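Spelled out from the first residue to the last, the chains are:
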Amino acid sequence: MTGADGPAAARGRPSRARDAVRGGRAGRGPGIPRRARDPRAAASAGAVVVPALRIAAAYAWRLIVVGIVVYGVFMLLGRFQLIAVALFLGLVITSVLRPFADLLSRLLPRPLAVAVSLVGSICVFFGLLALVGNAVAQESATLADEFRGGIHRIEVWLQRPPFRLGPGALSHLQQQIVDYIQAHRSNLASRALSGFGTLVELVTGGALALFASVFFIYSGERLWAWTSRELLPAGARDPWNRAGHAAWRTFAGYTRGIIIVAAANAVLVGIALVVLRVPLALPLTLLEFFAAFVPLVGSPVALGVATVVALAGRGPLTAVGVLVLIVVIGQLEGHVLHPLVMSWAVRLHPLVVAVSVIAGSIVAGVIGAVVAVPFISVVWAVVRALRTAPP
């Protein structure tokens, strides 16, 4: 038996030896892939991982530096908020009136063209305010009776299911408001005085914005050329100019686009409010125009105010009609006006716009909500301009 087993084992050993040799030549053992036993593959994998980590670390510290710079800029702007807002308004005025000034400068001297465009825009603005004030004054006599009847209708409506409020609930609430005002008269007076100080700041900021816009419209290119020539080295002027042109092109396009969108919204809302016979249709239309400068949020808030006015002045059916108007205007603004008008100026995802508006409102209130989207748009345009190779 041993002799029989011996030759069989001897015959099996060379085959196993040949398999081992073949496995060694292939670089892998039984059940073990080649790459796991190849030291050169492991070394190459490590060589790939190390540069990736270095690139991630390089981007990480650059992002940290950028975050520190942005935080410092926001802190500085917070200290000089009035000046920052005034310069922002000056840039908005420049982006709107600069085409008119350029057109008039073909027929008139440049200083006269700038003066005509600015004075004409101021007259149009105060003319709209006077028109709104006149409309409110003319309707004040009938509005008081309509609102009193509207409050009574709301009280009767709240007494029905599903609210089932007791009779006189709104009267009791009104009495509580009167008692609160009488108890906190001194605090309200101090807040009124602080509001007067805020009004003075607004007038000062408006005057500074007009003063800055005069120079921006008249000689904006020369101011930019002087800044790049006097404050920057020669090697940094070309990227600085590319970034500046991209930023201004995006900012001016956004400003003109949002004005077109706001005007379209205001016209549609004004026509609908007149058809529904809602009181104060003209002031509510103007409110819709200014509220549309806050994307995704301003228009529903303004139409919410219009809904309350319609409920008090015309009843629940008219208020429901205004609520339907909110949905229609929101869909039209989000799916037609913004993609059609703003796509050539700003290419931001709606989620980015929503997050920007909320973050800006948290940081700086209403001003932050207005400034957030153009700020993000300008930053993104500058990044794209600097990443693109110059022609």
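As the structure is a computational prediction, the values presented were derived from the model and not from experiment.

1. A look at the overall build of the protein chain
Counting secondary structure elements, the protein chain contains twelve helices and zero strands. Helices (α) and strands (β) of the protein chain occur, in sequence order from the N terminus, as α-α-α-α-α-α-α-α-α-α-α-α. Counting all 391 residues of the protein chain, 25% fall into the buried class. Looking at the protein chain alone, contacts between residues at least 24 apart form 65% of all its contacts between residues at least 6 apart. Summed over all atoms, the accessible surface of the protein chain reaches about 25400 Å², with 72% contributed by carbon and sulfur.

2. Description of the pattern of salt bridges
This model, assessed by the stated rule, comprises five salt bridges. With its nearest N and O atoms 3.1 Å apart, the salt bridge here joins aspartate 102 to arginine 98. With aspartate 102 and arginine 98 both in helix H4 (residues 81-104) and four residues apart, the pair spans about one turn of that helix. Take aspartate 102: its relative accessible area is 30%, and that puts it in the partly exposed class. Look at arginine 98 and you get buried, because its relative accessible area is 15%. The closest approach of N and O atoms between aspartate 102 and arginine 110, which form a salt bridge, is 2.7 Å. Taken together, the salt bridges that share partners define one network made up of Arg98, Asp102, Arg110 and Glu221.

3. A word on the packing of H4 against helix H8 (residues 234-275)
The geometry of H4 relative to H8 is characterised by a closest axis approach of 9 Å and an angle of 80 degrees between their N-to-C directions. In terms of their interaxial angle, H4 and H8 are classed as roughly perpendicular. Where H4 approaches H8, its residues Phe88, Leu91, Val92, Thr94, Ser95, Val96 and Pro99 are matched on the opposing element by Trp248, Phe251, Ala252, Thr255, Arg256 and Ile259. Taken together, the residues of the contact of H4 with H8 break down into nine nonpolar, three polar and one charged.

4. Structural notes on unusual backbone geometry
Non-glycine residue arginine 277 carries a positive phi angle of around 60 degrees. Secondary-structure assignment places arginine 277 in the loop between H8 and helix H9 (281-291). The backbone of leucine 280 sits at a positive phi, close to 55 degrees, despite the residue not being glycine. Within the fold, leucine 280 resides in the loop between H8 and H9.

5. So, the side chain of threonine 318
Along the polypeptide, threonine 318 turns up in helix H11 (residues 316-342). Residue classification places threonine 318 among the buried positions, given a relative accessible area of 13%. Setting aside its immediate chain neighbours within four residues, threonine 318 contacts Leu276, Val278 and Ala310.

6. Overview of the side chain of glutamate 288
For glutamate 288, the position within the fold is in helix H9. If we skip the residues at most four places from it in the chain, glutamate 288 touches Asn265, Ala266, Val269, Ser299, Ala302 and Leu303.

7. With respect to the packing of aromatic side chains
Taken as a whole and judged by the stated rule, the model has seven aromatic pairs. Here phenylalanine 88 and phenylalanine 251 contribute two aromatic rings whose centre-to-centre distance is 5.7 Å and whose plane-to-plane angle is 75 degrees, an arrangement assigned as edge-to-face. One end of the pair, phenylalanine 88, is in helix H4; the other, phenylalanine 251, is in helix H8, and 163 residues separate them in sequence. A relative accessible area of 9% places phenylalanine 251 in the buried class. Geometrically, the ring pair formed by phenylalanine 289 and phenylalanine 290 is edge-to-face, given 5.3 Å between the ring centres and 75 degrees between the ring planes. Take phenylalanine 289: its relative accessible area is 21%, and that puts it in the partly exposed class. With relative accessibility at 42%, the residue phenylalanine 290 sits in the partly exposed group. The rings of Phe88, Trp248 and Phe251 are connected pair by pair, giving a single aromatic cluster.

8. Considerations on the packing of H9 against helix H10 (residues 298-313)
Remark: H9 packs on H10, axes separated minimally by 8 Å, with the N-to-C direction vectors making an angle of 160 degrees. As summarised for this structure, H9 and H10 are arranged roughly antiparallel, according to the angle between their axes. In the packing of H9 onto H10, the handedness of the crossing is right-handed. Residue-level inspection shows Leu284, Leu287, Glu288 and Ala291 of H9 in contact with H10, the latter providing Gly298, Ser299, Ala302, Leu303, Val305, Ala306 and Val309. Grouping the constituent residues of the contact of H9 with H10 by class yields eight nonpolar, two polar and one charged.

9. Overview of the confidence of the model for the protein chain
In the predicted model, the protein chain carries a mean pLDDT of 76, and 70% of its residues have values of at least 70. Contacts of residues 1-13 to residues separated by more than four positions or lying in other chains number one contact, the stretch itself having pLDDT below 50. A low-confidence stretch, residues 19-36 stays under pLDDT 50, and its non-local contacts, those more than four residues away or across chains, total eleven contacts.

10. Some points on H10
The end-to-end C-alpha separation of H10 is 23 Å, in line with the 22 Å expected for 16 residues at 1.5 Å each. Residues of H10 that are buried include every one of Gly298, Ser299, Ala302, Leu303, Ala306, Thr307, Val309, Ala310, Ala312 and Gly313, and no others. Positive phi appears at glycine 315, one or two residues downstream of H10, with a value of about 110 degrees.

Procedures and definitions
Residues numbered from 1 in each chain as written. Predicted model: local features only at pLDDT ≥ 70, side-chain atom pairs only at ≥ 80, totals over all residues. Heavy atoms only, no water. Helix = DSSP H or I, 4+ residues; strand = E, 2+ residues; numbered from the N terminus. Buried < 20%, exposed > 50% of the residue type's maximum accessible area, 1.4 Å probe, protein only. Contact = heavy atoms within 4.5 Å. Areas by Shrake-Rupley, 256 points an atom, 1.4 Å probe, with all protein chains shown as cover. Salt bridge = Lys/Arg side-chain N within 4 Å of Asp/Glu carboxyl O. Axes fitted to C-alpha atoms, helices over the stretch in contact; angles between N-to-C directions. Parallel < 35°, antiparallel > 145°, perpendicular 65-115°, else oblique. Nonpolar A, V, L, I, M, F, W, Y, C, P; charged D, E, K, R; others polar. Phe/Tyr/Trp six-rings, centres within 6.5 Å; stacked < 30°, edge-to-face > 60°. Left-handed = near helix turned anticlockwise from the far one by under 90°. pLDDT = per-residue confidence, 0-100. Expected span 1.5 Å × (residues − 1).

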